[in-house]
Amino acid sequence: MPSTGDKLSILGFGCMRLPTRGVGIDEKRAMKQVRGAIDLGVNYIDTAWPYHGGKSETFLGKALADGYRDKIFLADKLPPWMVKKRGDMDRILDEQLKKMRTDHIDYYLAHALNAAVWERMKGLGIIEFLEHAKVQGKIRHIGYSFHGSNEDFMQIVDDYAWEFCQIQYNILDENNQAGRAGLEHAAQKGMGVIIMEPLRGGSLTLKLPKQVERVYDTAPVKRSPAEWGLRWVWNHPQVTVVLSGMNDEKHIDENLRIAGQAEPDSLTRKELAVIEKAVAQYRSLCRVGCTGCQYCMPCPSGVNIPMAFDFYNQYHMGNGKFSSRFLYWGQLGGVAGGNAALASQCVNCGKCAKHCPQKIDIPGEMKNVEKTFEGKHLGPMQKKLLGFVLGLMTPKSRD
């Protein structure tokens, strides 16, 4: 980390997508994953107040016991949407420290800033709060995570002596949000740059479209989609740490292997050309740029917005129109159990769009999702048949 001198692992463990069991974190499995990654060299662990419905920080308090806290650099975030006055900041930080059973947070970020949020937080005294907390020893380094325009990013970077920042960056977001220009500008100012969503929540690796698969098959060296995506990010010398929301043992092993081999400026021109062609194919197929970050949730009307967009993109990316429609109804229509969370439940309140880092017109796109999957609602017999088929299609748990 250029601004702090800390030696951080280039692979960080993001705790927003830990393995789950039922409605909560599968703590036994997650514990093994987090501690196992730390044992193998990962020393940057990132969480935030809203992750897993507020349970991620509490889980980490348990996972980092038995000496593991001393082995890592811990990152957490101040949620601006919960701050109404100066005292809220102190209260939230103290509660986070208590939940995580620690007396300090190494890397503390103002969460999901844009220009408007930053101006409001400055008016509430966030700079005084952060600097006082640092003097107290409750936090060691000051940064922010960002979701907004490139113009906003440049404004915030230049407005305070930040030590680091966290931005979304991947093969599809080279010019979105902070983008390459923001990455390079922050690095030029001596800031560390933490990368989130390097694989867009896994969407760049799961059920690869045939068109993209054919592009990767032409590459001079054979790699998985995850390796192509991660190596592309690590190819940038300005990148300090890449966060991965790891929740599968095989994925953790693969990411560790790649992290042990990837170097800045190591991709050849031919390899970069392959990625450019893959990006072009993705752009021709993807309808909605949702990363599954969950900032739009919960929906007041009960719509599962990220899942609806995921099925919608899968439908249009060649991942099986039949299976996408059945899974949409099975998981969002209540056919396979649970409450309905369909696109048609959207009442156009607009609350979700205000919180969307990707600036997606969510109510407008929900109409397209509804039209695609719900043009003709299923009758009782059709739902019964669908439930039977879903039972055959859904893989059994390996736990």
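Reading the values: rules and limits
Residues numbered from 1 in each chain as written. Predicted model: local features only at pLDDT ≥ 70, side-chain atom pairs only at ≥ 80, totals over all residues. Heavy atoms only, no water. Pairing = 2+ DSSP bridges. Helix = DSSP H or I, 4+ residues; strand = E, 2+ residues; numbered from the N terminus. Axes fitted to C-alpha atoms, helices over the stretch in contact; angles between N-to-C directions. Contact = heavy atoms within 4.5 Å. Core = buried A, V, L, I, M, F, W, Y, C linked by side-chain atoms within 4.5 Å. Buried < 20%, exposed > 50% of the residue type's maximum accessible area, 1.4 Å probe, protein only. Phe/Tyr/Trp six-rings, centres within 6.5 Å; stacked < 30°, edge-to-face > 60°. Expected span 1.5 Å × (residues − 1). Arc of directions from axis to C-beta. pLDDT = per-residue confidence, 0-100.

A. Representation of the sheet that holds strand E5 (residues 73-78). An order of E1-E4-E5-E6-E7-E8-E9-E10 is seen for the eight strands of this closed barrel, with the pairing classed as parallel. Within this sheet the neighbouring strands show an average axis-to-axis angle of 30 degrees, counted without direction. Direction of pairing for E5 relative to strand E6 (residues 105-113): parallel, over a ladder of four bridges. When the sheet's bridge partners are listed, Ala-75 is paired in E6 with Tyr-107. Along the sheet face, helix H6 (residues 150-157) touches E6, strand E7 (139-146) and strand E8 (164-168) and points at about 160 degrees away from the line of E7. Contacts from helix H7 (residues 179-188) reach E8 and strand E9 (192-196) within the one sheet, and its direction differs from that of E9 by about 150 degrees.

B. Summary view of the nonpolar core. Residues Phe-13, Tyr-144 and Ile-167 are the most contacted members of the largest nonpolar core, which totals 85 residues. Look past the residues within four positions of Tyr-144 in its chain and what remains in contact with it is Leu-109, Ala-110, Leu-113, Phe-153, Ile-156, Val-157, Trp-162, Phe-164, Cys-165, Gln-166 and Met-191. Residues Val-288, Cys-290, Leu-332 and Ile-360 belong to the second largest nonpolar core, which totals 25 residues.

C. Spatial organisation of the packing of aromatic side chains. In the structure shown here, the tally under the stated rule is 14 aromatic pairs. Residues Tyr-107 and Phe-164 carry aromatic rings whose centres are separated by 5.0 Å and whose planes lie at 80 degrees to one another, so their mutual orientation is edge-to-face. Placement of the pair is Tyr-107 in strand E6 and Phe-164 in strand E8, with a sequence separation of 57 residues. The exposure classification of Tyr-107 matches that of Phe-164, with both residues buried. Ring geometry for Tyr-160 against Trp-162: centres 5.0 Å apart, planes inclined by 75 degrees, an arrangement best described as edge-to-face. Each member of the pair, Tyr-160 as well as Trp-162, carries the same accessibility label: buried.

D. Representation of helix H11 (residues 269-285) in the model. Between the first and last C-alpha of H11 there are 25 Å, a value that for 17 residues agrees with the 24 Å anticipated at 1.5 Å per step. Restricting attention to buried positions, one finds in H11 the residues Glu-271, Val-274, Ile-275, Ala-278, Val-279, Tyr-282 and Leu-285. Projected down its long axis, H11 carries its buried residues within an arc of 140 degrees, all on one side. Relative to its buried face, H11 has exposed residues pointing more than 90 degrees away, namely Arg-269, Lys-270, Glu-276, Lys-277 and Ser-284. At its buried positions, H11 is contacted by helix H8 (210-217), helix H9 (225-234) and helix H12 (305-316).

E. Here's a closer look at the confidence of the model for the protein. Per-residue pLDDT for the protein averages 90, and the proportion of residues at 70 or more is 92%. Across residues 389-399, where pLDDT falls below 50, the model places 14 contacts with residues more than four positions away in sequence or in other chains.

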